Amino acid sequence: MHKVNKVSDLRTIIRAWRSAGQSIALVPTMGNLHAGHLCLVTEAKKKADRVVVSIFVNPTQFGAGEDFESYPRTEYEDQTALNELGTDLLFQPEVSELYESDAKTVVSVLELSKRYCGASRPGHFDGVATVVCKLFNMVQPDVAVFGLKDFQQLTVIRTMARDLNIPVDIIGVETVREQSGLAMSSRNGYLTTEEKIVAAKLYQSLSIARDCILAGQLSFQEIECNALLFLRESGFKPDYFNVCRSGDMQSAIETDKDLVLLAAARLGKTRLIDNIYFSR
Ligand code: PAF
């Protein structure tokens, strides 16, 4: 596995692969890799001749008072796991390599970036869209692979690539869950043993809501209220619970068929997100 931290070195290797007619898949990550990330790499390997994984804890997507400094960094374990999976190139730049100190350009996907997670994390999706756009420009991948756990992030990235005519095929990969149903996330590491048991109720709230909708309950507002109540009674401080259309992520109405249920809630110091999407 090549390991580079300079954009110029990344480009040299990519150029050689391109000259040999090889296709390239990119898996952008912030490291602290878990089984969910490893599935992204496995999927990427099926889609292209070469797989590039980036590890970059992107400061511009963290707000003031968020966990940028304390975000788990597990360089050695990540490298070992990526090597074992047959990753071709690990790109792990410093902040100064990725951002000019006087950078003036931000990529912003309007409206959607301000809803749901964007409402409680102002600027978060601008940071995501900007860094992913930069990574797309650096790697120029044929395919890029992201987790469906961050459903809104995936929609923001798809919209950004469409609007900016970036020729990349964006693939979403199923959320990997613990046996309890808890979605795998680097932030699960912040949970205490007791909190981890309660955390599984976030997925339970989504599953209950989905089952109600599939059983014909069509008052989405009532479903949202019941889910928020369930989360509060379980010990969470819910941020939002919304029934949305999966295509454009607008609030769903009774006639919509393809839905995504989105939830975010705090448990102690940890903010958790999850979703379920389905058709009826
Ligand atoms: O999902 C993540 O890990 C990050 O938001 C991403 C897409 C790597 C951008 O920094």
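Residues numbered from 1 in each chain as written. Predicted model: local features only at pLDDT ≥ 70, side-chain atom pairs only at ≥ 80, totals over all residues. Heavy atoms only, no water.

Here we take up the environment of Pro93. By secondary structure assignment, the location of Pro93 is in the loop between β4 (89-91) and α4 (95-98). With relative accessibility at 8%, the residue Pro93 sits in the buried group. Once the C-alpha coordinates of Pro93 and Val57 are considered, the two residues, 36 residues apart in sequence, prove to be 9.4 Å apart. Setting aside anything within four residues of it in sequence, one finds Pro93 in contact with Asn5, Ile55, Phe56 and Leu98. (Helix = DSSP H or I, 4+ residues; strand = E, 2+ residues; numbered from the N terminus. Buried < 20%, exposed > 50% of the residue type's maximum accessible area, 1.4 Å probe, protein only. Contact = heavy atoms within 4.5 Å.)

Turning next to the pattern of salt bridges. Using the criterion set out here, one finds 15 salt bridges in the structure. Salt-bridge contacts for Arg18 lead to Asp142; the nearest nitrogen and oxygen are separated by 2.9 Å. Remark: Asp142 occurs in the loop between α6 (124-139) and β5 (143-147) and Arg18 occurs in helix α1 (residues 7-19); sequence separation between them is 124 residues. Judged by its relative accessible area of 33%, Arg18 falls in the partly exposed class. (Salt bridge = Lys/Arg side-chain N within 4 Å of Asp/Glu carboxyl O.)

Let us look at unusual backbone geometry. For Gln140, which is not a glycine, the phi torsion comes out positive at approximately 50°. With respect to the helices and strands, the residue Gln140 is situated in the loop between α6 and β5. Backbone geometry places Asn165, a non-glycine residue, at a positive phi of 55°.

This paragraph deals with the environment of Leu261. Relative to the elements of secondary structure, Leu261 occurs in strand β8 (residues 258-267). Taking C-alpha positions, Leu261 is 26 Å from Ala44, a pair spaced 217 residues apart along the chain. Setting aside chain neighbours within four positions, we find Leu261 in contact with Leu206, Ala209, Arg210, Ile213, Asn242, Val243, Asp274, Asn275, Ile276 and Phe278.

Overall, the coordinates contain 6 aromatic pairs when judged by the stated rule. Consider the rings of Phe56 and Tyr99, whose centres lie 6.2 Å apart with planes at 40°: the pair is tilted. You can see Phe56 sitting in the loop between β3 (50-55) and α3 (75-85) and its partner Tyr99 sitting in the loop between α4 and α5 (117-120), a full 43 residues away along the chain. Tyr99 carries the same exposure label as Phe56, and that label is buried. Aromatic side chains Tyr116 and Tyr240 sit 5.8 Å apart centroid to centroid with 50° between the ring planes, which places their arrangement in the tilted category. Taken together, the residues Tyr116 in the loop between α4 and α5 and Tyr240 in strand β7 (residues 237-245) connect sequence positions 124 residues apart. What makes Tyr116 buried here is its relative accessible area of 8%. The ring centre of Phe68 lies 5.0 Å from the NZ or CZ of Arg73, which sits over that ring. (Phe/Tyr/Trp six-rings, centres within 6.5 Å; stacked < 30°, edge-to-face > 60°. Lys NZ or Arg CZ within 6 Å of the ring centre and 35° of its normal.)

Leu10, Val52, Phe91, Phe136 and Met160 are the most contacted members of the largest nonpolar core, which has 48 residues in total. Contributions of two or more residues to this core are made by α1, β2 (24-29), β4, α6, β5, α7 (151-163), β7 and β8. In terms of residue count, α6 provides more of this core than any other element does, 10 residues in total. What Val52 contacts, discounting residues up to four positions off in sequence, is Leu10, Ile14, Trp17, Ile24, Ala25, Leu26, Val27, Leu89 and Val139. (Core = buried A, V, L, I, M, F, W, Y, C linked by side-chain atoms within 4.5 Å.)

Within the open sheet, the 6 strands sit side by side as β1-β4-β3-β2-β5-β6. Their pairing is parallel. Only two strands of the sheet have a single neighbouring strand rather than two, namely β1 (2-4) and β6 (169-173). The average angle at which neighbouring strand axes cross in this sheet is 25°, direction not considered. One ladder, built from 5 bridges, connects β5 with β6; its direction is parallel. For Phe146, the partnering residue across the bridge sits in β6 and is Gly172. Sheet contacts for helix α2 (residues 35-47): β2, β3, β5 and β6; angle to β5, the most-contacted strand, approximately 155°. Across the sheet, α7 touches β5 and β6, and the angle it forms with β6 is around 170°. (Pairing = 2+ DSSP bridges. Axes fitted to C-alpha atoms, helices over the stretch in contact; angles between N-to-C directions.)

On to α7, then. Here α7 contains 13 residues, and its C-alpha end-to-end distance of 18 Å stays within 8% of the 18 Å for a straight helix at 1.5 Å per residue. α7 sits mainly inside the fold: 10 of its 13 residues count as buried. Buried within α7 are the following residues: Phe151, Gln152, Gln153, Leu154, Thr155, Val156, Ile157, Thr159, Met160 and Ala161. Count one or two residues on from α7 and you reach Asn165, which has phi positive near 55°. (Expected span 1.5 Å × (residues − 1).)

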